[in-house]
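Chain by chain, the residues:
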Amino acid sequence: MQKQTKNILIIGDGIAAWCLMFELNRLGHKITQISHDESSPACSPRSTSINCLRGTTRGKSPLGDLICESYEYFEKFNLDFSPAGIYKGMEYQLFDNPEKWLRRYPEYFKVQDNDFLIEHTQKLAHYFPNHAYFIDPVELKNWFLDQCPCVSIMNERVIELKPVDSKTIISTSSGEYSFDQIYVCAGKDSLTLLEGLNSKVDYYLQHSKPVAGSYFEISLDEVEHEFENNLNLYFDKYSFIYRKDQNILQIGSSSTNKSDSYEIDENAMSIIYEHVKSHLKIDLPAREKFKIITGVRHKGFKRRPYWGEVAPNIFAVCGLYKNAYTFAFLAANNLVAKKLVT
Ligand SMILES: Cc1cc2nc3c(=O)[nH]c(=O)nc-3n(C[C@H](O)[C@H](O)[C@H](O)COP(=O)(O)OP(=O)(O)OC[C@H]3O[C@@H](n4cnc5c(N)ncnc54)[C@H](O)[C@@H]3O)c2cc1C
């Protein structure tokens, strides 16, 4: 019996959409991808995009279990397909009061016993080293697109979507289009598109929020000090992200709860810059030399991501918050295999 090819729409152009495009394309479906960066800028390329477990282990909370399962799936994906734009490195979480970090890092180390940290950092006495993946969103996106050359791309804003019989119709400013299935990967704008289709999902989305965040970025050509590898030095909650493979340095990030504003909070950014500078023993380029990039995350209800079937033939992945580059790979695989974890 011949396999039935479906006419599928993916709404979004971020990590959730790219992973779904890959999984659906492998099944041979006809795929259209629609997004509108002008009215709804994707967060995925405006992100420090690191994938790191940061002490999360199984058996402590359902969210922790999901993070571990997603991280393992991401590593398997990386081994199986070797996508472009994924680089390995180290992250050092540095801190002073170990009691505060005990749940995450029951075992930790003294900075005074680590020559590398003694040479480059100051002020904080304890640390924990983590393996981390430093992701280049643009390179990764281009890899996904190369794997799916037949995907049609539309640059339009979806105004509404509605199920009609066994199809789903979307309306945009240029007209109405019909699809067999729709996957909504609209980040913080998911509520607008999905509202009224499923009361449980409505509840989840009404209790989710946008969280704006900004970080500094500069070319490594402007940085005097050179490290050998990709490196993230996390000084309490602010980080110095040295991306050797991408030739950029990032410092960040701010977090403004319940905000989808792209306006830069100069005061918050000064605090971050000075905080990181004061914990380093190396010189940073002057603050004015950096550009500032802002993205808006989607924080799910109780920090949990959502992926599942919202209504017949309408699926969604959202609420990926600060772990999008961990969750999105498993989310796409689960949805396409119809293992609908929520
Ligand atoms: C400062 C900062 C640092 C971060 N650091 C990390 C990190 O280190 N690790 C990590 O994993 N995550 C991090 N994140 C979070 C992560 O970047 C996001 O959670 C992730 O990008 C969300 O991906 P997404 O695909 O769900 O949504 P997005 O990338 O936001 O994509 C949503 C898409 O939907 C489209 N869309 C929305 N509405 C419509 C509509 N009506 N019609 C058409 N298209 C529409 C948009 O145009 C966009 O393309 C960070 C975020 C920020 C801001």
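Just above, that's the structure.
None of the values given here were measured: they were computed from a predicted structure.

Student: When you look at the site of the ligand in this model, what are you seeing that I'm missing?
Tutor: Inspection of the region around the ligand gives 37 residues, with Ser40, Ser44, Val158, Tyr321 and Tyr325 positioned closest. Between Thr48 and the ligand, the recorded distance is 2.9 Å, taken from a side-chain N or O atom to a nitrogen atom. For the ligand, whose unbound accessible area comes to 1,000 Å², protein coverage reaches 96%. Broken down by secondary-structure element, the contributors of at least two residues to the shell around the ligand are helix H1 (15–26), strand E12 (209–219), strand E17 (291–299) and helix H9 (324–336). In terms of residue class, the shell around the ligand is made up of 15 nonpolar, 14 polar and 8 charged. Looking at the shell around the ligand, you find at least three residues from each of domain 1 (1–85 + 136–208 + 300–342) and domain 2 (89–133 + 210–298).

Student: Please clarify how the pattern of salt bridges should be interpreted in this entry.
Tutor: Where charged atoms from two side chains of opposite charge approach closely, those side chains can pair. Enumeration according to the criterion identifies 12 salt bridges in this entry. Where Glu72 meets Arg58, a salt bridge forms, and the shortest distance between an N and an O atom there is 2.6 Å. Taken together, the positions of Glu72 in helix H2 (residues 62–81) and Arg58 in the loop between strand E3 (50–52) and H2 put the pair 14 residues apart, joining distant regions of the chain. The exposure class of Arg58 is partly exposed, given its relative accessible area of 44%. One salt bridge connects Lys244 with Glu226, and the closest N-O pair in it is separated by 3.2 Å. In this pair, Lys244 is assigned in the loop between strand E14 (238–243) and strand E15 (248–252) and Glu226 in the loop between E12 and strand E13 (230–235), connecting sequence segments 18 residues apart. On the basis of relative accessibility, which here comes to 62%, the residue Glu226 falls in the exposed class.

Student: What is the right way to read the nonpolar core from this model?
Tutor: Inside soluble globular proteins, nonpolar side chains tend to come together where they are buried. Among the nonpolar cores identified, the biggest contains 43 residues, and Ile10, Ile15, Leu20, Phe144, Val317 and Phe329 are the most heavily contacted of them. A total of 10 residues in this core trace back to one element, the largest contributor, which is H9. If you look at the next biggest cluster of nonpolar residues, it comprises 27 residues, including Phe227, Phe235, Tyr238 and Met269.

Student: How do you make sense of the packing of aromatic side chains when you look at a structure like this?
Tutor: Describing an aromatic ring pair means giving the distance of the ring centres and the angle of the ring planes. Within the structure shown, the criterion is met by 32 aromatic pairs. Through a chain of ring-to-ring contacts, the aromatic side chains of Tyr92, Phe95, Trp101, Tyr105, Tyr108, Phe109, Phe116, Tyr127, Phe128, Phe227, Phe240 and Tyr242 assemble into a single cluster.

Student: Would you take a moment to explain a positive patch on the surface for this structure?
Tutor: Together, Lys100, Arg104, Lys237, Arg303 and Lys322 line one region of the surface with positive charge. Along the polypeptide, Arg104 turns up in the loop between helix H3 (98–101) and strand E5 (109–110). Of the residues examined, Arg104 reaches a relative accessible area of 38% and is grouped as partly exposed.

Rules used in this analysis
- Residues numbered from 1 in each chain as written.
- Predicted model: local features only at pLDDT ≥ 70, side-chain atom pairs only at ≥ 80, totals over all residues.
- Heavy atoms only, no water.
- Near = heavy atom within 4 Å.
- Polar contact = N/O pair within 3.5 Å; in protein donor to acceptor, adjacent residues only side chain to side chain.
- Areas by Shrake-Rupley, 256 points an atom, 1.4 Å probe, with all protein chains shown as cover.
- Helix = DSSP H or I, 4+ residues; strand = E, 2+ residues; numbered from the N terminus.
- Nonpolar A, V, L, I, M, F, W, Y, C, P; charged D, E, K, R; others polar.
- Domains from an automatic or database assignment.
- Salt bridge = Lys/Arg side-chain N within 4 Å of Asp/Glu carboxyl O.
- Buried < 20%, exposed > 50% of the residue type's maximum accessible area, 1.4 Å probe, protein only.
- Core = buried A, V, L, I, M, F, W, Y, C linked by side-chain atoms within 4.5 Å.
- Phe/Tyr/Trp six-rings, centres within 6.5 Å; stacked < 30°, edge-to-face > 60°.
- Patch = residues over 30% accessible without salt bridge, like charges linked within 9 Å, V, L, I, M, F, W, Y side chains within 5 Å.
- Lys, Arg positive; Asp, Glu negative; His and termini not counted.
- Charge placed at Lys NZ, Arg CZ, Asp CG, Glu CD.

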